[in-house]
Structures are given as C-alpha cells and as structure tokens.
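# Structural characterization, general
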Amino acid sequence: MFEILRSIDWSDHLPAMPAGSVALVGAGPGDPSLISLRGAIRILQADTIVYDALANEALLRLGAPQAERIYVGKRAGVHKMGQEQINDLLVDLAKTGKRVARLKGGDPLIFGRGSEEAERLRQAGLPFEIVPGITAAAGAAAYAGIPLTDRRFTSTLAFVTGHEDPTKEESAIDYAALARLGSIVLYMGLRTLGGHAAALIRAGMDPATPAAVVSRATLPRQKAVTCTLVEIAGRAEAAGIEAPALTLIGGAVSLREQINWFERLPLFGRTVVVTRTRHQASELAAQLTALGAEVIEAPTIDLAPGDEAAIDEALSDLRSYQWLIVTSVNGVAALVEAMRRHGLDARALGHVRIGAIGSATADALRQHFLKADVVPESFTAEDLAEALRRADDFCGRKVLLFRADIARPALTDTLRSLGAECTECSAYRILKPAALPQELLEALQAGRVDWITFTSSSTFQNLRELLGDDEKQLRDVKLASIGPITSQTIRTAGLEPTVEASPYTVDALVRAIVEYEKGA
Ligand code: SAH
C-alpha cells in the first residue's frame, strides 16, 4: 500500500509545506491504513518525522529513506522526553529549515497536547498545520462494533480522560453531569477505572449499564471485555487487559454482539510468519493482515544479483535462442534489468518462445509486454518440463534458462534428455540473511506463533539453519507450504506441512490457511 503512495508525485495535488514548517499529523488509532491521506502525504514529504509510542511505526516506512526519524515516545509514567522538550525540538527543527511531520497517536487535538505544540510554534512565528486523525474512541468503536452514538440508545457523547493532570488537587470530572449522558468514552486511566466506575454509579448511573474495555483497538491483537459498569474494572483486570485501552460506557455497547466484524475475520487472533524477502512479502502480508492476522515479517532469504557475465553473454547472443524459460518473478526482474542494461526492449525477444513457471511469473512478464507461450497448470519444474515437451520438439533447440543459482536440475535435465541445448543463467542468487528478526524469536519463545508460511524450499531450509538449536520450536507451529517441492523439503527435515497450496500460488496458500482455520 505504501509503495503505491510513494510512487505518486503528490506535489500536484498537495504541494509540500514550506521549508521550516511543521505538520501536526494525527496518525490514527493503530492500524496504519487508518491515517488520513493528507497525513500520509505529509510524512512522505517530510525531512524529519517526530513520533511517539502510539503512532504505528509502520507509518515511518512511508517517509523518504533519508528522512530523519526522531522518537519522543511517552509510555504510562515514563516520559522519554518532556512536553517542553518536544515543543523546543519542533521549534529547533523548523528553525533550521526542516519540513517536520509530527506524528501523534489518534487525533492531535484529543488528549494529545497538540494544541500546546501548535501554540509554541505560533509563538515562535513558525508556520504549521494540523491534520486530524481518527481518534482512539472512533477506532475502537468501529473495530469492536460499539457505536459511539445510536438513536435507539443515545444522542449524547462525552470523551473523558481518566488520567487527568496528576498535579490537580480535586477531580475536574463532573460525574453527576456524565451520569446523565448516554455514551461515555474514558481514555487512559486503566488503573483508575474502578474509581471512575464507582463515582459514576454514586452519581446515579445504573450499575447495570453496559460497558466495554477495548485494548489495542484496530490492531491485530485487539482485545475487548464487555460486561456491566459495576463489573468492568474487575473483569478488565482479570482478563489481563493492557494499555493502550479505553472504556466505552452506554447502552450501545450491547450492539457489539451484532456488528463486531473485525474480531470475526477468519484469521483474527492468529500470528502468521512470512519468510519471503521483504521486497516480496508485501502481497502475502497484506492478504493475511486483511483477514485479521498479525503478521511477522521474517525474511529467511535475501536476493543478490546473479552471474552478470553469464547474463551479458546470453543477452548478446539472444538471436540464437528459440526458447526462453523464466522460473520465477525474481527471474523476470533480473531479465528486465539485464535487458535495460543492454539497451534492449521486448522486441529483442520477438522471435523466442517463452515458458514460465507459475501464473505470477507469467503476470510479471506481461507487465513488460511479454506473453508466456507455456505456463503449466501446476507450478513445479517437472510440470513445466512436461508442458514444454508437449509444446515443441526440443531436439536441437537452443534454450536459455533464467533462474536462481540454486535451482534444481530437474527442468534442465529433462530438456537435455529431449535433445535441447540448454544455457543456464544464474539470474539471481539466494542468500541466507545473518539473523532472524528479534520479533520472531520472541514470538516463538512465547509460543505466540500459529503459522509459518514457506513460499520456496530455501525459505524453509534457511529458517531451520537460522534457528539452529531452537529448531524444535517449529514442532509446535503449523507450517503452510506453497507446493509439493517445498512440502518435500519440509518432510525431509522430519516435519509435516499442515497445509499445502493448490495451485501453488500465494492466493491459494492464504486460502488453504483460512480453510484449515475454519475447520479447526
Ligand atoms: N490523541 C489520542 C489519545 C492520546 S491519549 C487519540 O486521539 O486517540 C492515550 C490514550 O488513548 C490511551 O491511554 C488509550 O486510552 C487511548 N488509546 C490510544 N490508542 C488506543 C488503542 N489503539 N486502543 C485503545 N485505546 C487507545
């Protein structure tokens, strides 16, 4: 999603702010897709991004690679940087001519001290703008299925902070007034929730009023507890509810049973690991996330350029080939890159017939005006070999194979046995990264991983090697394999894939996981 936003020149639609100005941007409640378009553009255009704990770090990826990113996080009690210091920082950055995106959780003007930052910029004579965000209450309402207002229950709504300025002597909250409202959202104050609930009941609110605590709203690990006002504090504590969380009080909480959609997504509550390269992970990760899963990206393969000399030699002799075989999307990327280097375009391949393993490879070719002549119905090297055998008499044919350095010999062996003259080009190399991300190791340790997806044999082999002694941890996890070759590799290691995709595509892999979870 962010790649596309980044590829657009937004200056035609929203010119960048002047140098030396600040955009106070509401980052939304958690789910990064809930930021406003204007907010996203301001991040894209920023020289410096200043952010705190509640702004989803995924949004930082929107920023230009060279943009400076400064964390000024605050977490309950522990302030990394005081508000005064943050105000000074914004002023200093703007004074040195930076375009600053100041990312704040939810909406900057709801319990966010955005007004203090804006005032300070105004006093310093610096230009700024304020970009609204989806506040946590609205996020929680939508993703937990609890309307903030509903004409059957309430037409009044209050946002209250349960935290208050700790230096205040007496509570500024007018509980008697609140007790008369139909809908209350209590931000912060998870620890003081019991006190607030008791005060509301003392002020006349019905103890049986429906109430809900929602934590990590809009994120894959959203958790909600629903009961009555009098029970809510105890139930939230018993359920181990953690910050950030807020409390919704009022009759409309009862609608949750009907309209809670997010927690009913097929993969909600599941943690799924994607082992592809970061570059390729996005499609699979996006599909899983859209189905409610928490996705951990843990690339177990890295791609590096292939044998350039061999590629160059093959390309300078393209005329002599009758067939070109491309075995993956990465192979297509390497081919296109090499052709660009040689100043060639699609016409240079006009005379060759093209074979592709897999529909994704064929799609990638099509984007470059190349239509594959042969795409097997099932996507292994053996299937392609069989499909090719049916398509042509390979005796004496010259075939150029664009594939990974560690490709299996099956395809070439078959073509040679048919009399073809094969040139194998190592179009790219598959490397093993130095280590696994800490996030994955911690999730495995905690037994929090439900699925690991493997889109090739090397993604599995490398994961095992990178886990080393911890390899046992794979036994408790469900393994999803893209196809029979990958499954075979998994079995050779003494493990059994829980599901296997059919056909061997990312879509089918996701479908297989969903089907399994439905039956489970
Ligand atoms: N400006 C923010 C609020 C900041 S105060 C906004 O408009 O949302 C921080 C409080 O917001 C937290 O203590 C919690 O009560 C609430 N909050 C923020 N993100 C949340 C989330 N994802 N789920 C539940 N509550 C959240």
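Presented here is an overview of the structure given in this document. All values reported here derive from a predicted model rather than from experimental measurement.

## Some words on the overall build of the protein chain
- Within the protein chain, the regular secondary structure consists of 19 helices and 22 strands.
- Here the C-alpha coordinates of the protein chain stretch approximately 90 × 55 × 45 Å along the principal axes.
- A total of 520 residues make up the protein chain; the buried ones form 52% of that total.
- Look at the contacts in the protein chain between residues 6 or more apart in sequence, and 68% of them connect residues 24 or more apart.
- Approximately 24400 Å² of the protein chain is accessible, and the part contributed by carbon and sulfur atoms is 51%.
- Taken as two groups, the 55 positive and 64 negative side-chain charges of the protein chain have centres that lie 2 Å from each other.

## Section: the pattern of salt bridges
- Summed over the entire model, instances satisfying the criterion amount to 28 salt bridges.
- Ionic pairing is found between Glu117 and Arg102, a salt bridge with its closest N-O pair at 2.9 Å. Pair noted here: Glu117 is in helix H4 (residues 114-123) and Arg102 is in strand E6 (residues 99-104), with a separation of 15 residues, a long-range link. By the burial criterion, Glu117 is buried, and Arg102 matches it.
- Arg113 is paired through a salt bridge with Glu116; the nearest N and O atoms lie 3.0 Å apart.
- By relative accessible area, which is 31% here, Glu116 ends up partly exposed.
- Three or more residues joined by partner-sharing salt bridges are found here, namely Asp52, Arg102, Lys104 and Glu117.

## Description of a nonpolar patch on the surface
- Residues Phe111, Leu157, Phe159 and Met188 make up a contiguous nonpolar surface patch of about 310 Å² in total accessible area.
- As for its position among the elements, Phe111 is in the loop between E6 and H4.

## Digging into the sheet that holds strand E17 (residues 353-356)
- Strand order in the open sheet formed by 5 strands is E15-E19-E18-E16-E17, with mixed pairing between adjacent strands. A single partner strand is all that each edge strand has here, and the edge strands are strand E15 (302-305) and E17. In this sheet, adjacent strand axes meet at a mean angle of 25 degrees when their direction is disregarded.
- As defined by bridge partners, strand E18 (residues 398-404) adjoins strand E19 (residues 421-431) across 7 bridges and the pair is classed as parallel. Note that in E19 the partner of Val399 across the bridge is Cys422.
- Those strands touched by helix H11 (residues 308-316) are E18 and E19, and its axis lies near 145 degrees from that of E19.
- Each of strand E16 (323-326), E18 and E19 is contacted by helix H15 (residues 410-417), which is oriented at about 175 degrees to E19, the strand it contacts most.

## Quick look at the packing of aromatic side chains
- Scanning the model with the defined rule gives 10 aromatic pairs in all.
- With 5.3 Å between their ring centres and 55 degrees between their planes, Tyr51 and Tyr71 make a pair best called tilted. One end of the pair, Tyr51, is in strand E2 (residues 48-51); the other, Tyr71, is in strand E3 (residues 68-71), with 20 residues separating them in the sequence. In terms of burial, Tyr51 and Tyr71 fall into one category: buried.
- Taken together, the ring pairs connect Tyr143, Trp261, Phe262 and Phe268 into an aromatic cluster.
- Across the ring face of Tyr321, the terminal group of Lys398 is positioned such that the distance to the ring centre comes to 4.7 Å.

## Here's the deal with helix H3 (residues 83-95)
- For H3, with 13 residues, the first-to-last C-alpha span of 18 Å sits near the 18 Å given by 1.5 Å per residue.
- Residues of H3 that are buried: Gln83, Ile86, Asn87, Leu89, Leu90, Val91, Leu93 and Ala94.

## Topic: the sheet that holds E2
- Pairing within the open sheet is parallel, and its 5 strands lie in the order E3-E2-E6-E1-E7. A single partner strand is all that each edge strand has here, and the edge strands are E3 and strand E7 (128-131). Averaged over all adjacent pairs, the angle separating strand axes in this sheet is 15 degrees, with direction ignored.
- Where E2 and E6 come together, 4 bridges link them in parallel fashion. Looking at E6, one finds that Val50 is bridged to Arg102.

## Regarding the side chain of Arg102
- For Arg102, a relative accessible area of 0% puts it in the buried group.
- Side-chain polar atoms of Arg102 contact the side chain of Glu117, separated by 2.9 Å.

## Examining the environment of Ile130
- The topology assignment puts Ile130 in strand E7.
- Each C-alpha atom, one on Ile130 and one on Glu84, is 19 Å from the other, the two residues being 46 residues apart in sequence.
- Those residues in contact with Ile130 that sit more than four places away from it in its chain are Leu24, Pro108, Leu109 and Ala118.

## Brief notes about the site of the ligand
- Taken together, the neighbourhood of the ligand is formed by 17 residues, with Asp107, Ile110, Thr135, Met188 and Ala245 sitting nearest.
- Between a nitrogen atom of the ligand and a main-chain N or O atom of Pro29, the distance comes to 2.9 Å.
- Contact distances for the ligand include 2.7 Å between an oxygen atom and a backbone N or O atom of Met188.
- The residue inventory of the shell around the ligand, partitioned by class, reads 12 nonpolar, 3 polar and 2 charged.

## Description of the side chain of Thr300
- Looking at where Thr300 falls in the secondary structure, it is placed in the loop between strand E14 (294-297) and E15.
- What makes Thr300 buried here is its relative accessible area of 0%.
- In this view, Thr300 contacts Thr275, Leu431, Lys432, Pro433, Leu436, Ser458, Thr459, Asn462, Leu463 and Leu466; residues no more than four positions away in its chain are not counted.

## Observations regarding the nonpolar core
- By size, the foremost hydrophobic cluster in this structure holds 39 residues, and its most contacted members are Leu288, Ile325, Leu388, Val399, Leu411 and Leu415.
- Counting residues per element, the ones that place at least two in this core are strand E13 (271-274), helix H10 (278-290), E16, helix H14 (381-391), E18, H15 and helix H19 (506-519).
- Per-element accounting of this core gives the leading share, 7 residues, to H19.
- Among the nonpolar cores identified, the runner-up in size contains 31 residues, and Ile311, Leu324, Ala348 and Ala372 belong to it.

How each quantity is defined
- Residues numbered from 1 in each chain as written.
- Predicted model: local features only at pLDDT ≥ 70, side-chain atom pairs only at ≥ 80, totals over all residues.
- Heavy atoms only, no water.
- Helix = DSSP H or I, 4+ residues; strand = E, 2+ residues; numbered from the N terminus.
- Buried < 20%, exposed > 50% of the residue type's maximum accessible area, 1.4 Å probe, protein only.
- Contact = heavy atoms within 4.5 Å.
- Areas by Shrake-Rupley, 256 points an atom, 1.4 Å probe, with all protein chains shown as cover.
- Lys, Arg positive; Asp, Glu negative; His and termini not counted.
- Charge placed at Lys NZ, Arg CZ, Asp CG, Glu CD.
- Salt bridge = Lys/Arg side-chain N within 4 Å of Asp/Glu carboxyl O.
- Patch = residues over 30% accessible without salt bridge, like charges linked within 9 Å, V, L, I, M, F, W, Y side chains within 5 Å.
- Pairing = 2+ DSSP bridges.
- Axes fitted to C-alpha atoms, helices over the stretch in contact; angles between N-to-C directions.
- Phe/Tyr/Trp six-rings, centres within 6.5 Å; stacked < 30°, edge-to-face > 60°.
- Lys NZ or Arg CZ within 6 Å of the ring centre and 35° of its normal.
- Expected span 1.5 Å × (residues − 1).
- Polar contact = N/O pair within 3.5 Å; in protein donor to acceptor, adjacent residues only side chain to side chain.
- Near = heavy atom within 4 Å.
- Nonpolar A, V, L, I, M, F, W, Y, C, P; charged D, E, K, R; others polar.
- Core = buried A, V, L, I, M, F, W, Y, C linked by side-chain atoms within 4.5 Å.

By themselves, these observations are geometric and do not establish any function.
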